[in-house]
Amino acid sequence: QVHVVESGGGLVQTGGSLRLSCAASGRIAGLNPMSWYRQTPGKEREFVAGVAGSRSTDYAPSVKARFTISRDNMQNMVTLQMNSLKPDDTGIYYCRVYYRCREYWGQGTQVTVSS
């Protein structure tokens, strides 16, 4: 079993910054794709940013140049540095880990950006 836990959400004003962290533990080994998604009420969960085991990264156009994803391969951890936050960034942020053809999700962390 693989466990995924997110942390670091909160309330911030427009233009502020937050840093999210995600840790995967349990029966997991190697370098696995890890990514962040977000969801708001009434909308589907959407991709935000991802990082491969090779450390190559990918971003949704709406967050590129504002968000930075990075990983610590030694500890199966990823962080998402979010700068210049906007009210549209509000939502529950979920961490996803892809391991041995299965995906594992955390329970999410709330990010609220006030205008």
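Refer to the structure presented above.
Residues numbered from 1 in each chain as written. Predicted model: local features only at pLDDT ≥ 70, side-chain atom pairs only at ≥ 80, totals over all residues. Heavy atoms only, no water.

**What about the pairing of strand 5 (residues 46-51)?**
As defined by bridge partners, strand 4 (residues 34-39) adjoins strand 5 across five bridges and the pair is classed as antiparallel. Opposite Ser35, over in strand 5, you have Gly50 as the bridge partner. Both strand 5 and strand 6 (residues 57-59) contribute to a ladder of three bridges, which runs antiparallel. From the neighbouring strand, Val51 faces strand 6, where its bridge partner is Thr57. (Pairing = 2+ DSSP bridges. Helix = DSSP H or I, 4+ residues; strand = E, 2+ residues; numbered from the N terminus.)

**Some points on the sheet that holds strand 1 (residues 2-7)**
The strand order across the open sheet formed by four strands is 1-3-8-7, and the pairing between neighbours is antiparallel. The outermost strands of the open sheet, each flanked by one partner alone, are strand 1 and strand 7 (67-72). Within the sheet, the average angular offset between the axes of one strand and its neighbour, ignoring direction, is 15 degrees. Pairing between strand 7 and strand 8 (residues 77-82): six bridges, direction antiparallel. Looking across to strand 8, one finds that Ile69 is bridged to Leu80. (Axes fitted to C-alpha atoms, helices over the stretch in contact; angles between N-to-C directions.)

**Re the environment of Leu85**
Its place among the elements puts Leu85 in the loop between strand 8 and strand 9 (91-99). In this structure, the C-alpha to C-alpha distance between Leu85 and Ser17, residues 68 residues apart in sequence, is 6.2 Å. Leave out the neighbours within four places in its chain, and Leu85 touches Val12, Thr14, Gly15, Gly16, Ser17, Leu18, Arg66, Phe67 and Val113. (Contact = heavy atoms within 4.5 Å.)

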